[in-house]
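Each chain is listed here by its residues.
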Amino acid sequence: MKHLDYYRPQSLDEALALKGERGAEALFIAGGTDVMVLGRQKKLDCAALISLRGLAELTQMKLEGDTFFLGAGVTLSRILNSPEAARHLPILHDAVQVMGSTQMRNVATVGGNVMTAASSGDTLGPLLCLEAVCRLVSAQGERRVPMHEMFTGPRVTAARADEILLGLDIPLPTSGDRKSSGCFIKLMRRAALDLALINVSVQLWLDEAGETIAKARVAAGVVAPTPVRLVESEEALEGAPLAEALKEQAADHALGRSCRPRDSDRCSSWYREEMVRVLVPRAAGRALNRMGIDAGQVG
Amino acid sequence: MRQVIEFELNGQEVSAAVTGGQTLLDLLRDEFELYGVKEGCGAGECGACTVIVDGLALTACIFPAREVEGASVTTIEGLASAQGELHPIQESFVNQGAVQCGFCTPGNVLSAKALLDENPSPSEEEIRVAIAGNLCRCTGYTQIVEAIQDAAGRKS
């Protein structure tokens, strides 16, 4: 790995030009918490690294109207320490809280988590539930890819090799008068520095009267080759009166077509399925609690 | 391709020729002979190589050396005074019995320093979060937490 060329472009245009020059032999590196580990394991197949760390375009985090823009280069620590993120996007805030360690969160970026595209990536379920849109830039310009179209295979995204993830446009879940909240739960063997055995994300929107769930987004990680939405679970929650919605329905429907965990050395598929049944209603209950609704006992 | 970079290391302006894939850990140990920066897991998971870069604790074993260009880096060697007087956090670690085999100590002290610089009177929970990335296999966490509380008490 020592013989790599390492570039530190100072602008997005410069980074794109370098990628144009070096082509497939160059990889982008953001925080490096994935890339450097692969490099040290001699699993990195490239001749050059192009660092995205210095790019001002990628490090913005701001609320503009009804859209929360999260630059790809924003570190997990910055999200964790952002009162705006905690207030508007509690589902994402939950996730960064249990990712890695302080040292890791100080350098790891949300864009890196998206582009690594591991099934266990903890920000991915929340971003799926929030219906974030990936803004990809290349020399040809910018295109927008919705999160649910982003993950095409294990560690594979819809982004082309010449594209840089600029950031994510997140429609504010509470825009207008809609009541909405979410919750993320990660099952780990220890409290820090662990990959998820599974993770579950639920974002709920209430109807105007605040009596039924108008819209639900449910996602899970490490239950399929990519992070997935659990569509059957969403359908079971939508239209349901509040407290009853959680008790049986979500659990029964959580294991839809997209949920097909496998055995790994970390835990069994059986355990993962059982935990999806437990954690989906639990996360939905906590999301309701956050809207001031007593959802009863939900596991 | 070697590239000469300049940065601040424990308060002094330094320069070094680094290679593209070189880690900050290798740079600090091999070029500057700062052996207080320990290599444990080599994958960012044990915290033994923790250093402070521009105020933030990070694991040097997976941090590209090139990225400290223009930055300020603090290792454990930068804490005690030139006369050998210990930093208050180091003193607290000694006094509270927070040092056993010593391998995790530099990382724990630097995680504590980054925390206290940012938050001079942290709660026990905040201390535990700050050092969650520093593994101690002698399992002396209680003393480490108490040492950090002690250091916070002295500062304020």
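## Quick notes on the state of the cysteines
Scanning the entire structure with this criterion turns up zero disulfides over all chains. Considering cysteine sulfurs only, Cys61(B) is the nearest to Cys46(A), which forms no disulfide, with 18 Å between them. Left without a disulfide partner, Cys129(A) is nearest to the cysteine sulfur of Cys183(A), which lies 10 Å away.

## Quick notes on the interface of chain B and chain A
Each side of the interface is counted separately: chain B has 33 residues, and chain A has 24 residues. Both faces combined, the contact of chain B with chain A buries some 2,400 Å², and carbon together with sulfur accounts for 54% of it. When residues of chain B are sorted by the area they lose upon contact with chain A, Met1(B), Ile62(B) and Glu67(B) head the list and together hold 24% of the total. For the salt bridge of Arg53(A) with Glu67(B), the shortest nitrogen-to-oxygen distance reads 3.1 Å. Between chain B and chain A we count 15 residue pairs in polar contact (both at pLDDT 80 or more) in total. For the side of chain B that touches chain A, the elements supplying multiple residues, two or more each, are α1 (24-31), β4 (56-59) and α4 (124-130) of chain B. For the side of chain B that touches chain A, the leading source of residues is β4(B), giving four residues. For the side of chain B that touches chain A, the residue count by class is 14 nonpolar, 13 polar and six charged.

## Let's talk about the layout of surface pockets
There is about 630 Å³ of room inside the second largest pocket. Lining of the second largest pocket is provided by 21 residues; of these, Leu80(A), Asn81(A), Thr102(A), Leu115(B) and Glu118(B) occupy positions nearest its centre. The biggest single contributor to the lining of the second largest pocket is helix α3 (residues 105-118) of chain B, with four residues. Within the lining of the second largest pocket, the residues separate by chemical class into seven nonpolar, 10 polar and four charged.

## Some points on the pairing of strand β7 (residues 141-146) of chain A
In summary, the side chains of a regular strand alternate between the two faces of the sheet. Residue and element names in this part refer to chain A. With six bridges joining them, strand β6 (residues 133-138) and β7 adopt antiparallel strand pairing. If you follow Leu 136 over to β7, its bridge partner there is Arg 143. Linking β6 to β7, which pair antiparallel, is a turn of two residues.

## Description of empty space enclosed by the protein
For the structure shown, the criterion picks out one cavity of 30 Å³ or more. Here the largest cavity is characterised by a volume of approximately 40 Å³. Around the largest cavity, the lining residues are Gly31(A), Thr33(A), Gln103(A), Met104(A), Val107(A), Leu58(B), Thr59(B), Ile62(B) and Phe63(B). Breaking the lining of the largest cavity down by element, the ones donating at least two residues are α6 (102-105) of chain A together with β4 of chain B. Its residues assigned to classes, the lining of the largest cavity comprises five nonpolar, four polar and no charged.

## A short note on the sheet that holds strand β3 (residues 48-51) of chain A
All names here are of chain A. Overall, parallel pairing links the three strands, which are arranged β1-β3-β2 in an open sheet. Each edge of the open sheet carries a strand with a single partner, namely β1 (5-7) and β2 (26-29). The sheet shows a mean angle of 25° between the axes of neighbouring strands, direction not considered. Pairing of β2 with β3 involves four bridges; the strand directions are parallel. Bridging across to β3, Ile 29 finds its partner in Ser 51.

## Considering the domain arrangement of chain B
Residues and elements named next belong to chain B. Each assigned domain of chain B is listed with its residue range as follows: domain 1 (3-78) and domain 2 (88-155). For domain 1 and domain 2, the distance between their C-alpha centroids amounts to 21 Å. Facing 16 residues of domain 1, the contacting portion of domain 2 comprises 12 residues. Carbon and sulfur atoms make up 68% of the surface buried where domain 1 meets domain 2, a total of about 1,100 Å² over both sides. The largest per-residue losses of area from domain 1 upon contact with domain 2 belong to Thr 50, Ile 52 and Ile 76, which jointly make up 42% of the total buried on that side. Where domain 1 touches domain 2, the interface holds zero salt bridges. Inspection of the domain 1/domain 2 interface yields four residue pairs in polar contact (both at pLDDT 80 or more). It is strand β3 (residues 50-53) that provides the largest number of residues to the side of domain 1 that touches domain 2, a total of three residues. For the side of domain 1 that touches domain 2, the per-class residue count stands at six nonpolar, seven polar and three charged.

## Here's the deal with the pattern of salt bridges
All names here are of chain A. As enumerated under the stated definition, the model contains 27 salt bridges over all chains in all. A salt bridge links Arg 144 to Asp 169; the nearest nitrogen and oxygen atoms lie 2.9 Å apart. Separated by 25 residues along the polypeptide, Arg 144 in strand β7 and Asp 169 in strand β10 (residues 164-171) bring together distant segments of the chain. Residue class for Arg 144 comes out partly exposed when judged on its relative accessible area of 49%. Residue classification places Asp 169 among the buried positions, given a relative accessible area of 11%. Residue Arg 217 pairs with Glu 238 through a salt bridge whose shortest N-O separation is 3.5 Å.

## Side note on the nonpolar core
All names here are of chain A. Within the largest apolar cluster, 53 residues are counted, with the highest numbers of intra-cluster contacts made by Leu 70, Val 114, Met 147 and Leu 168. The dominant element in this core, judged by the number of residues it contributes, is β10, at five residues. No fewer than three residues from each of domain 1 (5-50) and domain 2 (57-171) sit in this core.

Rules used throughout
Residues numbered from 1 in each chain as written. Chains lettered and ligands numbered in written order. Predicted model: local features only at pLDDT ≥ 70, side-chain atom pairs only at ≥ 80, totals over all residues. Heavy atoms only, no water. Disulfide = S-S within 2.5 Å. Contact = heavy atoms within 4.5 Å. Buried area = accessible area lost by both parts, 1.4 Å probe. Salt bridge = Lys/Arg side-chain N within 4 Å of Asp/Glu carboxyl O. Polar contact = N/O pair within 3.5 Å; in protein donor to acceptor, adjacent residues only side chain to side chain. Helix = DSSP H or I, 4+ residues; strand = E, 2+ residues; numbered from the N terminus. Nonpolar A, V, L, I, M, F, W, Y, C, P; charged D, E, K, R; others polar. 1 Å grid on protein atoms, 1.4 Å probe; cavity = no way out; pocket = protein on both sides within 12 Å on 5 of 7 lines; lining within 4 Å. Points joined across faces, edges and corners; volume = space filled by probe spheres on them. Pairing = 2+ DSSP bridges. Axes fitted to C-alpha atoms, helices over the stretch in contact; angles between N-to-C directions. Domains from an automatic or database assignment. Buried < 20%, exposed > 50% of the residue type's maximum accessible area, 1.4 Å probe, protein only. Core = buried A, V, L, I, M, F, W, Y, C linked by side-chain atoms within 4.5 Å.

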